[in-house]
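Given next are the chains, with one letter for each unit.
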Amino acid sequence: VAETLGGLLSAIQRITLENTIDGGLTWSTLWTGAEVHGYLNQRLSRFLVETEVVQKVSVLAIGPSEQTFDLPADLVVLKRVAASSDGVTYKVVVFSDRWATDAATLTLDEDRPAVCIPEPLPPLRLKVLPTPVGSMNYQIIYVYEPVSPYTTASSRLTTLFIPDMFTPYLLFGILADMFKKEGEANDPDRAKYFEDRWKEGLELGKLILR
Amino acid sequence: MRVWQALTGEWVITTSTIVCTGAHFYDVPSTEYAPYRVSHSFDGAPLTLTSIEELDLGFPGWDSTSTGTPLYWAPVGATGIAVHPAPLGGTISLESFQDTPVLVNAGDFIQVGDEELQKLLTYAHHYLTFKEGIAEIEATGGALTDLIEAAARRNAALRATNFYRSVGRGKLSIAPTDTLGIRGG
């Protein structure tokens, strides 16, 4: 049984001795619901970036002569790009950067681009070189975040999308942030303990893919 | 128990099958993660584990038109796999980690040995001290060390990690101790 958002937040409420245990809806004056959800969303994103446990394959259909195009909105880390001019035969498009492509002489491979450059500016975009003449399908493998950031309005019954064995470590990361907060809630000793446990979870997350 | 599952991969599932459609990429069923053994119904023999990068280097264009009985598989995160060549029929079987069983009723069983059950119970006590303060957490820190040591006996890969080595050398901020807490446990 996978952990739900409400289950995780109730566990946090118990550990922080909140007066009300209700799946993270009600918080005392030490933290607000928006703060806790902010910690949750940031830790989830960091977990995905560090461990890359949640990936998917997607195909982008791009029109003729398009050199730069948007990547999916749920993309966190781009892992692989392959291009196909006929939708069947794909060839890997290697990652490069502006310096290398400035100095290189690049040619199309059966109308497929040779290299791609992930644009650093939002919205996340990808640039391919040389520019293909015809329409192109790009098959991408990427680390993704399956849902929009959780808010206080999110359903408490929503199942967290990371493997359930890592939800305790997500809890540790959120608690570390909560105890780092300046003010009455500040507890640096417990914050350090939970930060260490969070790092333990990151290492285990990486280990599962080896 | 979820921490134990993350440390050891104790609970696995071997029954799922994926119907092959001629594709190279398949999703792992939603309650399973990180397959470690993949076979095809053609002969049931395990496919050779490789990686996407190695497939790209060793078999350029592998994810295009090559079809046949699959010989290799590569993980796509913990939630997907790629196979090569692409099977046009049959089914793929996975052995994966599964969601951790959750105890609900008083009569539910924990499927672990007695020697490990005590470690889990002691760690549960350690977990309960999270709400109290660092003194209680430190006093029961030995439970965490014991749990990780017990897990390392089950999981050779765990022994190679930095964090396990830091535990073994006593470098964790939590001092190993056999006490059950300053309140007497």
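Residues numbered from 1 in each chain as written. Chains lettered and ligands numbered in written order. Predicted model: local features only at pLDDT ≥ 70, side-chain atom pairs only at ≥ 80, totals over all residues. Heavy atoms only, no water.

Undergrad: So what's going on with the overall build of chain B? Which residues, and what values?
TA: A tally of regular secondary structure across chain B gives seven helices and eight strands. Put simply, chain B has 185 residues, and 46% of those count as buried. Long-range contacts, defined as pairs at least 24 residues apart, comprise 66% of the intrachain contacts of chain B with a sequence gap of at least 6. (Helix = DSSP H or I, 4+ residues; strand = E, 2+ residues; numbered from the N terminus. Buried < 20%, exposed > 50% of the residue type's maximum accessible area, 1.4 Å probe, protein only. Contact = heavy atoms within 4.5 Å.)

Undergrad: Report on the sheet that holds strand 5 (residues 48-49) of chain B, specifying residues and quantitative values.
TA: The strand order across the open sheet formed by four strands is 3-7-6-5 (chain B), and the pairing between neighbours is mixed. Unpaired on one side and paired on the other, strand 3 (25-27) and strand 5 of chain B mark the two borders of the sheet. (Pairing = 2+ DSSP bridges.)

Undergrad: Pulling in residues and values, what's your account of the sheet that holds strand 2 (residues 68-70) of chain A?
TA: Residue and element names in this part refer to chain A. If you trace the four strands from one edge of the open sheet to the other, you get 2-7-6-5, paired in mixed fashion. Sheet topology places strand 2 and strand 5 (94-95) at the edges, where each strand pairs with a single neighbour. Pairing geometry for strand 2 and strand 7 (residues 125-129), over three bridges, is antiparallel. Bridge assignment links aspartate 70 to a residue of strand 7, and that residue is arginine 125.

Undergrad: So what's going on with the packing of aromatic side chains? Which residues, and what values?
TA: Applying the stated criterion across every chain yields a total of 16 aromatic pairs over all chains. With a centroid separation of 6.3 Å and an interplanar angle of 75°, the aromatic rings of tyrosine 142 of chain A and tyrosine 144 of chain A are classed as edge-to-face. The pair tyrosine 142 of chain A / tyrosine 144 of chain A is uniform in exposure class, with both members buried. Put simply, the rings of Trp31, Tyr169, Phe172, Phe179, Tyr193 and Phe194 of chain A together with Tyr127 and Phe130 of chain B touch in pairs and so form one group of aromatic residues. Between the NZ or CZ atom of arginine 43 of chain A and the centre of the ring of tryptophan 198 of chain A, over which it lies, the distance is 4.8 Å. (Phe/Tyr/Trp six-rings, centres within 6.5 Å; stacked < 30°, edge-to-face > 60°. Lys NZ or Arg CZ within 6 Å of the ring centre and 35° of its normal.)

Undergrad: Run through the pairing of strand 8 (residues 136-144) of chain A, naming residues and quoting values.
TA: All names here are of chain A. Along strand 8, eight of the nine residues are buried, which leaves the element largely enclosed by surrounding structure. The sheet contact formed by strand 1 (residues 55-62) and strand 8 spans eight bridges and is antiparallel. Paired with alanine 61 across the two strands is asparagine 137, which belongs to strand 8.

Undergrad: Lay out the packing of helix 2 (residues 33-51) of chain A against helix 4 (residues 167-180) of chain A in plain terms, naming residues and giving numbers.
TA: Residues and elements named next belong to chain A. Where helix 2 contacts helix 4, the axes come no closer than 9 Å and their chain directions differ by 130°. As the angle between them shows, helix 2 and helix 4 are arranged oblique. Where helix 2 crosses over helix 4, the two elements pack in a sense that is right-handed. The residues of helix 4 that touch helix 2, namely those facing Val36, Tyr39, Leu40, Arg43 and Leu44, are Leu170, Gly173, Ile174, Ala176, Asp177, Met178 and Lys180. The class makeup of the residues in the contact of helix 2 with helix 4 is eight nonpolar, one polar and three charged. (Axes fitted to C-alpha atoms, helices over the stretch in contact; angles between N-to-C directions. Parallel < 35°, antiparallel > 145°, perpendicular 65-115°, else oblique. Left-handed = near helix turned anticlockwise from the far one by under 90°. Nonpolar A, V, L, I, M, F, W, Y, C, P; charged D, E, K, R; others polar.)

Undergrad: Explain the interface of chain A and chain B to me, and be specific about the residues and the numbers.
TA: Counting residues at the interface gives 43 residues for chain A and 43 residues for chain B. On the chain A side of the contact with chain B, Met165, Tyr193 and Glu203 of chain A bury the most area, a combined 17% of that side's loss. Along the contact surface separating chain A from chain B lie four salt bridges. Here chain A and chain B share 12 residue pairs in polar contact (both at pLDDT 80 or more) between them. Every element with two or more residues in the side of chain A that touches chain B is listed here: helix 1 (5-15), strand 1, strand 3 (75-84), strand 8, helix 4 and helix 5 (188-207) of chain A. Of the residues forming the side of chain A that touches chain B, the biggest block, 11 residues, is contributed by helix 5 of chain A. Residue classes in the side of chain A that touches chain B are distributed as 26 nonpolar, four polar and 13 charged. (Buried area = accessible area lost by both parts, 1.4 Å probe. Salt bridge = Lys/Arg side-chain N within 4 Å of Asp/Glu carboxyl O. Polar contact = N/O pair within 3.5 Å; in protein donor to acceptor, adjacent residues only side chain to side chain.)

Undergrad: So what's going on with the nonpolar core? Residues and values would help.
TA: By size, the foremost hydrophobic cluster in this structure holds 80 residues, and its most contacted members are Ile12, Tyr138, Phe166, Leu170, Ile174 and Met178 of chain A together with Leu7 of chain B. If we ignore the near neighbours within four places in the chain, the residues touching leucine 170 of chain A are Leu8, Leu40, Arg43, Leu44, Leu160, Ile162 and Trp198 of chain A. If you look at the next biggest cluster of nonpolar residues, it comprises 11 residues, including Ile18, Leu47, Val83 and Ile92 of chain B. (Core = buried A, V, L, I, M, F, W, Y, C linked by side-chain atoms within 4.5 Å.)

Undergrad: Break down the confidence of the model for chain B for me, citing the residues and quoting the values.
TA: Residue and element names in this part refer to chain B. Across chain B, pLDDT averages 82, with 85% of residues at or above 70. In this model, residues 168-185 is a region of pLDDT below 50 whose contacts with residues beyond four sequence positions or in other chains number 37 contacts. We note a pTM of 0.85 for the whole complex and an ipTM of 0.83 for its interfaces. (pLDDT = per-residue confidence, 0-100.)

Undergrad: Please set out helix 5 of chain A residue by residue, giving values where relevant.
TA: In a regular helix each residue adds 1.5 Å, so 20 residues correspond to 28 Å; helix 5 of chain A covers 29 Å between its end C-alpha atoms and thus fits that length. Of all the 20 residues making up helix 5 of chain A, 14 are buried; the element is thus mostly covered by neighbouring parts of the structure. (Expected span 1.5 Å × (residues − 1).)

Undergrad: Explain the layout of surface pockets to me, and be specific about the residues and the numbers.
TA: Within this model, the largest pocket holds a volume of roughly 870 Å³. Residue lining of the largest pocket: 28 residues in total, with Glu3 and Pro168 of chain A together with Met1, Arg2 and Tyr127 of chain B positioned closest to the centre. Those elements giving two or more residues to the lining of the largest pocket turn out to be helix 1 and helix 4 of chain A together with helix 1 (2-8) and helix 3 (114-128) of chain B. With seven residues, the single largest contributor to the lining of the largest pocket is helix 3 of chain B. Roughly 530 Å³ of volume is contained in the second largest pocket. Among the elements that make up the lining of the second largest pocket, the one with the highest residue count is helix 2 (residues 52-58) of chain B (four residues). (1 Å grid on protein atoms, 1.4 Å probe; cavity = no way out; pocket = protein on both sides within 12 Å on 5 of 7 lines; lining within 4 Å. Points joined across faces, edges and corners; volume = space filled by probe spheres on them.)

Undergrad: Would you mind going over the side chain of aspartate 177 of chain A in detail, with residue names and values included?
TA: Considering the arrangement of structural elements, one finds aspartate 177 of chain A in helix 4. Aspartate 177 of chain A has contacts with Tyr39 and Arg43 of chain A, leaving out every residue within four places of it along the chain.

Undergrad: Explain the pattern of salt bridges residue by residue, including any values.
TA: Residue and element names in this part refer to chain A. Going through the model one piece at a time under the given rule, you end up with 17 salt bridges over all chains. Between aspartate 177 and arginine 43 there is a salt bridge, with its nearest N and O atoms 2.7 Å apart. One end of the pair, aspartate 177, is in helix 4; the other, arginine 43, is in helix 2, and 134 residues separate them in sequence. The exposure classification of aspartate 177 matches that of arginine 43, with both residues buried. Here lysine 206 ties to glutamate 50 by a salt bridge, and the two come within 3.5 Å at their closest N and O atoms.

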